[in-house]
Amino acid sequence: MKNRLTFANIINILLENKKKTYQQHQLVRSLFSAYLNDELPSGEIYAEDNTMYSRWCTGARPIPMEILHIYEENGFEDMEEDFQCKIIPNLINESQARSQMEELINDSRNTIGNKTADEMLALTNNAAFFTAAVRYAILSDHEHSGLFSPDLSDTIQNSRLPSITEEFVGRKNELKECGKLLQERSTLFISGVAGIGKSEFAKYYAYKNRKKYTNIIYLYYAGDLKKSIAGMEFDDDTSEMTEEMLFDRHYKILKKLHNDSLIILDNFNVLPKDDSFFKEFAQNVFQLLITTRCRPTQYPIMELKELDTDTELPELFFRLCPSAKEDTLATKQIIQTVHSHTLTVVLSALSLSASGMEAEELLYELQTCGLNISSGEAVELYKDGDYTDGLMAEHLKKLLQLGKLSDPCLDVLCNLSLLSSSGVLKNAFKNWLKLPSLNDVNYLAKYGFIHDDKENRKVSLHPLIREIVALETLPSVSNCHTLLDSLHCICLVHGLEVKRPQNVIDSLISIIENILADIPEDYLLFLQDIFPYLEKYLVMDYLPKLVERIEYVMKLDDNNAQNESELQQDKRFRCDKALLLDYKAELFLIKNNYKNALKKRLKAVSVLEPYHTEDADQRTANLLSNLYNNLSNTYLLMKKPKEAAKMLHTALTIRQEYAHLGLAESHDMLQQLMNLTNMLILSKNAEMAKQVLSAYESLVLEHEGTQTLDNGICQMMYGAIALSDGNAKEAELHLLSAENIISEVMGTNNDYAKTVYLYLNNLYSRWQKPEQALAYKNKYLECSFQRQ
C-alpha cells in the first residue's frame, strides 16, 4: 500500500480546514516560524516565496533539510507551540483535521509500521499530534527524495514555456480532464485539426499548473525527436560537441526527471511508430503532453473540438476586437462563415481590430473569397496532409490580403516563412534582414500573423499560416537575398562560438529545404559555403543531403549560364566540380573510408590543375591550394607522412606563387602552416618547425592581434617545441602566455585549454615543481570532467 503520510497530504488537510482569512503563505510561515519570518505583512511576500511555498504544499519540492535541522535541535517544541498558539486557533474544524490525519496514518500502516502509527495516534494533545505527523512526513519525503526532479531552471538555456495568449477562453472541462489523465498516465496526446488551438491549450495548461511542476520544458518537434533533444541548450554545452554527444548529455539529465516535471512535445504530427525514439522517451516517469493532428491508439488521447459558437468564440472575438460588440450579429455571422475554426476566428478579430473595417465589410469579404460557400457545407480543413486546400485556407488568404500589408511587412512574412516553425531569435532575425526597427514585426504580431514568444525571445509563423504565406509570396533567392547574404557572411566567418549556434543551423537547414532557387549561381555559392560551417559544428547527418542539393543546383546553374565566355564557364564549372568532389571525399572520411576519399581528392586536383597557370584567378588558386592541403590530411590519416608532406609543400608553394592575389594572408594559409608545424615536430625537426611557426606568428600579429585564439595556439606550439627541446624556462613562458590568451578568448572549458594544462603539468613534473604540477593536473581533470 502506498504511503499517504506525506507533507503534501498533511498540509492540504490543514489548508482544507483553515479559515478563509488565513492564507496559505501565513499557514506555512507559522508552521516554520523558526526559519521563516511569519510577521511580515502580505504585501511584503515575494512572488518567488509564494511559488516555493506552493511547491512544498503540492509535493513538487520537499521541505529543505536546513529547516528540519533547526527544529531537530529543540525537539520540535517551537513547532508544537506554533500549532497551539497560531495554527489551531485558525482552524474551523480542529477535530475533523485530526480525524483526516488519523485516516492517513492508518492507511499507511503497511509502509510506516504499526509501532510508528500507534505512537502518533496515542498523542492526545492535538498540537503534539499534528507536530509528530508533520515531522514524520518531512523525514519520509526526504527518504524518497529521489522521486523529486532536479531543478533545471539555471541549466537549460532555452526550451522554456513559450508566452501564452492573454485572451485564452474556455476549455475549463478539458483543462480538468487533462490534469486527471496526466495523473493516471504520464503520457497524453492532445489531438485536433490544424489551427484548433492545441498548442495554446497545452501552453495554457502548463502555465495554469506551473506551481505544481519543478520543471516545464517545451520541445518543438521538427521531424526527429533525438534532434529536438540535442537542439536544447544546456549551460555546459560547447561548440566541439557532436549532435550525438549533445543528445546523450541532454537525455541523461532528462531521464532524472520525475512526475513533478512536465515536457510539452508540440507539433508531433506523426504516429509514435514513425519516430524510432518515441517509445523509449515515453517510458520515462516525467509527464509528457503531446500535441498532434494524428490519432494514436496505444496512448491516452484527448481531442479538442471547436469552441462553443454561441458563448466562447464570441467572447474570444470581443477580447481581441472590443469594437465588434457594437455589431454582435455580424460578429456571429463571421464566426459561422469561418465555421468556428479557432485560428481563423482569431485572425478575423485581429484583422478587424487593426484594419478599421466594419464587421459587415469583413463578413462580405469572407463570404465572397472565391469558393462556393453553401449553407451547411462542411469545411475540409485538410486532405492528405495538404493544409492549403479547402475553405479555411481561402479565408486565411483573404485575411492576409485584407491586411493591405506594406511591402516591408510582406518581405518580413516572406523571409520568416523560410525559417523553422519552431521560431527564430527575434533580434537575430532583425539583424539578418537589416531592419531599422522591429516595428513591422510588431505590427504583424498585432495582426496575429506572427507569433511573438517573449519568453524565449523568438518569432515564428503558425505552420498553417507559414505554408499559405509561402504560397502567396514565393520566397526565393532573389526576393530573400538580404537574409541569405547575412547568413552567408556568418558561414564565411567561421566564428569562434563557444556554444553550438543552433539558431543559425536550424535556419540554414530550413532555408535549404524551402527556398526557390531562381538564381542558381548565387544559391550554389551559398550552399558551397554552408558545408564547412555545418561540418565545423558537427552537423554530420545533414551533409550527404547538402551534397545532393549542391550537385542538383550545379546542373541548374550549368543550364542557366549566360553572359560568360566558354573559358569562364569552363573555369567556374571545374571549380564547382572540384569542390563537389572534395565534399564527397569528406563524406567518405566521416565513415573512415580513406581509400575512396583519396580517390575523390586526387580526381578533384586533376580537375583543377589545367588552370594552374600564371593568369589563374584568386578562387582557382585558393581552391587548388586547399585541395592539396586536404589531400595532405588524407595521406596523414592513411599514415603516409612522406606523401602528406609533399602535398602540403605543394599547397604552400601555390600560396606563395599567388601571393599577389592575397593568398598568403588568408586563414587557410594559417591552417596549412600549422599542419606543417605539426608534421615537423612529429619528425623531430624542431628548428624548421620554429621557422614555420615564426611565419605563422607574423601573419597572426599583423592581421589579427595578440589576444586571439590563433595567437594562443601559436604560443602553445612554441611551448611544446621548447618542452621537447628541454628548455623549461622558454616552455613555461610560452605555455603560461597561451593559457592566459586562450582562457580570455575561449574560457577554460575547451580542448585548447585542456591541452595547455597537460603540457604545463608535464613541464612542472619534469622540472621538479610538484605543487604547480598538481595544480595543473587538477585543472586538466576538472576540464575533462566538465566536458563529459
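Residues numbered from 1 in each chain as written. Predicted model: local features only at pLDDT ≥ 70, side-chain atom pairs only at ≥ 80, totals over all residues. Heavy atoms only, no water.

## Side note on unusual backbone geometry
Non-glycine residue Arg 171 carries a positive phi angle of around 65°. As for its placement among the helices and strands, Arg 171 is situated in the loop between helix H9 (126–143) and helix H10 (172–184). Judged by relative accessible area, Arg 171 falls into the buried class, the value being 4%. (Helix = DSSP H or I, 4+ residues; strand = E, 2+ residues; numbered from the N terminus. Buried < 20%, exposed > 50% of the residue type's maximum accessible area, 1.4 Å probe, protein only.)

## A few points about the nonpolar core
Of all hydrophobic cores here, the largest spans 120 residues; its most connected members are Phe 429, Ile 450, Leu 508, Ile 511, Ile 530, Leu 534 and Leu 546. In terms of residue count, the dominant contributor to this core is helix H34 (residues 709–725) (nine residues). Beyond its immediate chain neighbours, meaning those up to four positions away, Ile 450 contacts Val 412, Leu 413, Leu 416, Val 441, Leu 444, Ala 445, Val 459, Ser 460 and Leu 461. Grouped together as the second largest cluster of nonpolar side chains are 40 residues, Leu 5, Tyr 71, Phe 76 and Ala 97 included. (Core = buried A, V, L, I, M, F, W, Y, C linked by side-chain atoms within 4.5 Å. Contact = heavy atoms within 4.5 Å.)

## Notes on the packing of aromatic side chains
Any pair of aromatic rings gets described here by the distance separating the centres and the angle formed by the planes. According to the stated counting rule, one finds 20 aromatic pairs in the structure shown. Seen in terms of ring centroids, Tyr 221 and Phe 268 are 4.6 Å apart; in terms of plane orientation they differ by 65°. Their pairing is edge-to-face. Taken together, the positions of Tyr 221 in the loop between strand S2 (215–220) and helix H12 (225–230) and Phe 268 in the loop between strand S3 (261–266) and helix H14 (278–282) put the pair 47 residues apart, joining distant regions of the chain. For Tyr 221, a relative accessible area of 4% corresponds to the buried category. Using a relative accessible area of 0% as the deciding quantity, one classes Phe 268 as buried. Against the face of Tyr 207 rests Arg 210, its NZ or CZ located 4.1 Å from the ring centre. (Phe/Tyr/Trp six-rings, centres within 6.5 Å; stacked < 30°, edge-to-face > 60°. Lys NZ or Arg CZ within 6 Å of the ring centre and 35° of its normal.)

## Topic: helix H18 (residues 359–367)
Listing the buried residues of H18 in full gives Ala 359, Leu 362, Leu 363 and Leu 366. The arc that holds the buried residues of H18, viewed along the axis, is 100°, so those residues lie on one side. (Arc of directions from axis to C-beta.)

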